[in-house]
Amino acid sequence: MRAPASAVVLGLCLLSQQGQAQVTQTAPGQRPRPERTSDSDYGPPRLVEIESLVLFEGYQGQHILTEGEVEEITPGRYWGLRAAGSELLLIPSHEFNASDFDRAVGRRVQVRGIARKIRPKEYVDGPGGRKVDRDLLDDPSLPVLPEPSEIRPRMSVTVFALKDRTYDSAPKNEPRSGGLARQILDDPGSYLGKKARVYGQFRGRNLFGDLPEGSARTPDDWVLKDGDTAMWVTGKEAKGKGWKLDPAYKGDTKNWLEVAGKPEVSNGVVYLKASDVVMAKAPASGTSASPSPKP
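Before going into details, it helps to say that this report is about the structure given with it. Quick caveat, the model's predicted, so the values are computed rather than measured. Here, residues in each chain are numbered from 1, in the same order as that chain's written sequence. Reporting in this predicted model follows two pLDDT cut-offs: at least 70 for local features of residues, and 80 or more for side-chain atom pairs to be given and counted; totals over whole chains, interfaces and linings ignore these cut-offs and use all residues. Side-chain descriptors were evaluated using all non-hydrogen atoms of the structure, hydrogens and water having been removed beforehand.

By definition, any uninterrupted DSSP run of H or I lasting at least four residues is a helix, any uninterrupted run of E lasting at least two residues is a strand, and each is numbered from the N terminus. For the chain, the count of helices and strands is five helices and 17 strands. Looking at the 295 residues of the chain, the share that counts as buried comes to 43%. Contact criterion: two residues are considered in contact whenever any of their non-hydrogen atoms come within 4.5 Å of each other. Residue pairs at least 24 apart in sequence account for 68% of intrachain contacts in the chain once pairs closer than 6 positions are excluded. A simple rule labels every residue: compare its accessible area, found with a 1.4 Å probe on the protein chains alone, to the largest value its type can have, and call it buried under 20%, exposed over 50%, or partly exposed in between.

Before going further, it helps to examine the pairing of strand E3 (residues 78–83). Burial analysis of E3 places five of its six residues in the buried class, which makes it a mostly covered element. Between strand E2 (residues 63–74) and E3, which pair antiparallel one after the other, the connecting turn spans three residues, and Gly-76 there sits at a positive phi close to 75°. In this sheet, strand E4 (residues 86–92) lies alongside E3 in antiparallel orientation, the contact comprising five bridges. Residue pairing for E4: Leu-81 is matched across the bridge by Leu-88. A pair of strands is treated as paired once DSSP finds two or more bridges between them. Between E3 and E4, which pair antiparallel one after the other, the connecting turn spans two residues, and Ala-84 there sits at a positive phi close to 50°.

Read once around its circumference, the closed barrel built from five strands follows the order E10-E11-E12-E16-E15, with strand pairing classed as mixed. Neighbouring strand axes in the sheet, compared pairwise and without regard to direction, differ in orientation by 55° on average. Think of each axis as a best-fit line through the C-alpha atoms, taken over the contacting stretch in the case of a helix, with angles from 0 to 180 degrees between the N-to-C directions.

Our focus in this paragraph is the pattern of salt bridges. Only one rule defines a salt bridge in this text: a Lys or Arg side-chain nitrogen within 4 Å of an Asp or Glu carboxyl oxygen. Scanning the entire structure with this criterion turns up 16 salt bridges. Arg-217 is the partner of Glu-264 in a salt bridge, and the nearest nitrogen-oxygen pair spans 3.1 Å. Placement of the pair is Glu-264 in strand E15 (residues 256–266) and Arg-217 in the loop between strand E10 (196–202) and strand E11 (222–226), with a sequence separation of 47 residues. On the accessibility criterion, Arg-217 (43% relative accessible area) is partly exposed.

Turning to a nonpolar patch on the surface, a few remarks are in order. Residues with no salt bridge and a relative accessible area higher than 30% make up the patches, which join like charges within 9 Å and nonpolar side chains (Val, Leu, Ile, Met, Phe, Trp, Tyr) within 5 Å. Residue burial considers only the protein chains on display, and all accessible areas are found by Shrake-Rupley using a 1.4 Å probe. On the surface, a nonpolar cluster with roughly 290 Å² of combined accessible area is contributed by Val-54, Leu-55 and Phe-56. Looking at where Val-54 falls in the secondary structure, it is placed in helix H2 (residues 50–55). Val-54 sits in the partly exposed class, given a relative accessible area of 38%.

One can find Lys-194 in the loop between helix H5 (180–186) and E10. Within the local environment of Lys-194, its side chain forms a polar contact with the backbone oxygen of Ser-190, the two atoms lying 3.0 Å apart. Any pair of N or O atoms that falls within 3.5 Å is considered a polar contact. Within protein, one atom must be able to donate a hydrogen and the other to accept it, and sequence-neighbouring residues count only if both atoms are side-chain atoms.

Among the seven residues in E4, seven count as buried, and that is most of the element. In E4, alternate side chains face the same way, and those of Ser-86, Leu-88, Leu-90 and Pro-92 on one face and Glu-87, Leu-89 and Ile-91 on the other are all buried. Examined bridge by bridge, E4 and strand E8 (residues 155–164) share four bridges and lie parallel to one another. Bridged to Pro-92 within E8 is Val-159.

The next subject is the environment of Arg-182. Mapped onto the elements, Arg-182 comes out in helix H5. When its relative accessible area of 31% is taken as the criterion, Arg-182 is described as partly exposed. Remark: the alpha-carbon pair of Arg-182 and Thr-229, spanning 47 residues in sequence, is separated by 5.7 Å. The contact partners of Arg-182, leaving out residues within four places of it in the chain, are Asp-228 and Thr-229.

Now for the side chain of Ser-93. With respect to the element layout, Ser-93 can be found in the loop between E4 and helix H3 (99–104). Judged by its relative accessible area of 4%, Ser-93 falls in the buried class. Those residues within four positions of Ser-93 in sequence are excluded, and the remaining contacts are Pro-143, Thr-158, Val-159 and Phe-160.

So this is what it looks like as structure tokens:
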């Protein structure tokens, strides 16, 4: 959501009070701060992978959550957020302390902010005939974007908040007691872009009504139930060498499976894009045990 016209006028007035230069060029975070609207005015954030932000322009100006590893591009000035070979430029909002980026270098973090593409600079006529950066008109409540550069990413996120997501040094093979599906549902940001391995009971094509009717993404999706939480498994059938489960047959729901893939949450439903499905033994106690997600 754009800031009100009054904010635009205020930003232009502030510029008109600065020096006599004909072109006003200001680095991110260094211009006078206008009376900005709350970041909640941009609507609730959407959970998006960095690769999608880089590839698809539809996220321009969107309030997003994404996750990756912080790296320093230019000491004390520019930082990047990288995951799976894709990278964003991190820009501190007016309320964000850029030194937090320095402290996060080399760590995996989740950031929340506004996605904006770095474009060639454009200046328009402002008060008194002075030229004004177009960014001040398009996003008056956000810092202006830097010039495009061959050494910096062309997609950016102006950061409102940062949360450390670096995993503890617990043994990687130590399983967590069941309910990984519930953990994904409760804290989807921790699993964004990561591969998880979920152990649960085959429930066919929602044969027991575990998930909302019509919530499957494709006709071939099937349900895996982990503890008290069910998820849709998409992209791979429930079959392997020498076995195959029928998603329309309740008799096959006695089977337990271990499914590896990347989870995401949409409208309160967990979806697991599967890369591997293997048959597993039913737990002796009747409860599941799910290994931790792989970082």
